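Fold and contact review
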Amino acid sequence: QVQLVESGGGLVQPGGSLRLSCAASGSIFRLGVMGWYRQAPGKQRELVARITSGGSTNYADSVKGRFTISRDNAKNTVFLHMNSLKSEDTAVYYCNADLIPIGYSYDMDYWGEGTLVTVSS
């Protein structure tokens, strides 16, 4: 059984900062790309940022220069540091991971349950 558990969401004023965390736990043989997606009300889920196990990153244009993704491979944890938050960043943020569970030989796609980020004054 593999789980992704997010934390760190909440209410923040425009211009503020938040840090999201996502820990992968369970029977994991190999953890690959981890990332953050978000879904605002009435919109499709979109990629925010992702990071490989080697540390290569890519970001949505809308968050470049404001958000930073990082990971701690020893703890199977990925972080999203969000600065200069805007009202349009309001969404449910989901953690995603490509990983090989113990006993399998191919990648599987896992999702967390999501954490709400609200940017409002």
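Residues numbered from 1 in each chain as written. Predicted model: local features only at pLDDT ≥ 70, side-chain atom pairs only at ≥ 80, totals over all residues. Heavy atoms only, no water.

**Thoughts on the pairing of strand E5 (residues 46-51)**
Worth spelling out the cut-off: At least two DSSP bridges between two strands are required for those strands to pair. Helix numbers and strand numbers start at the N terminus; a helix is a DSSP run of H or I with at least 4 residues, a strand a run of E with at least 2.
The pairing of strand E4 (residues 28-39) with E5 spans 5 bridges and is classified as antiparallel. Bridged to Met34 within E5 is Ile51. Linking E4 to E5, which pair antiparallel, is a turn of 6 residues; within it Gly42 sits at a positive phi near 75°. Taken together, the 3 bridges between E5 and strand E6 (residues 57-59) define a ladder with antiparallel strand orientation. Each bridged residue has a counterpart across the sheet, and for Arg50 the counterpart in E6 is Asn58. In this antiparallel pair of consecutive strands, E5 and E6, the connection spans 5 residues, and Gly55 shows a positive phi of 100°.

**What to know about the sheet that holds strand E7 (residues 67-72)**
Cut-off, in case you're wondering: Note on geometry: axes are lines fitted to C-alpha atoms, helical ones only across the stretch in contact, with angles between N-to-C directions running from 0 to 180 degrees.
Taking strand neighbours across the sheet as the criterion, the 4 strands line up as E1-E3-E8-E7 in an open arrangement whose pairing is antiparallel. A single partner strand is all that each edge strand has here, and the edge strands are strand E1 (2-7) and E7. On average, adjacent strands in this sheet sit at an angle of 15° to one another, irrespective of strand direction. The pairing of E1 with strand E3 (residues 18-26) spans 6 bridges and is classified as antiparallel. In the sheet register, Gln3 faces E3, and the bridge partner there is Ser25.

**Here's the deal with the packing of aromatic side chains**
Basically, it comes down to this: Side-chain rings of Phe, Tyr and Trp (the six-membered ring for Trp) are treated as a pair once their centres are within 6.5 Å; stacked means planes under 30 degrees apart, edge-to-face means over 60, and tilted covers the remaining angles. Burial classification: accessible surface area is computed with a 1.4 Å probe over protein chains only, and a residue below 20% of its type maximum counts as buried, one above 50% as exposed, and the rest as partly exposed. Should the NZ of a Lys or the CZ of an Arg lie within 6 Å of a ring centre and within 35 degrees of the ring normal, that charge is described as sitting over the ring.
A complete count under the given rule lists 2 aromatic pairs for this structure. With a centroid separation of 5.0 Å and an interplanar angle of 65°, the aromatic rings of Tyr37 and Trp111 are classed as edge-to-face. Of the two residues, Tyr37 is situated in strand E4 and Trp111 in strand E10 (residues 108-111); the sequence distance between them amounts to 74 residues. With relative accessibility at 35%, the residue Trp111 sits in the partly exposed group. A centroid spacing of 5.8 Å and a plane angle of 85° characterise the contact between Tyr104 and Tyr106, whose relative ring orientation is edge-to-face. A relative accessible area of 45% means that Tyr106 is categorised as partly exposed. Just above the ring of Tyr94 sits the side chain of Arg45; from NZ or CZ to the centre is 3.7 Å. Above the face of the Trp111 ring, Arg45 is positioned so that its terminal group lies 4.7 Å from the ring centre.

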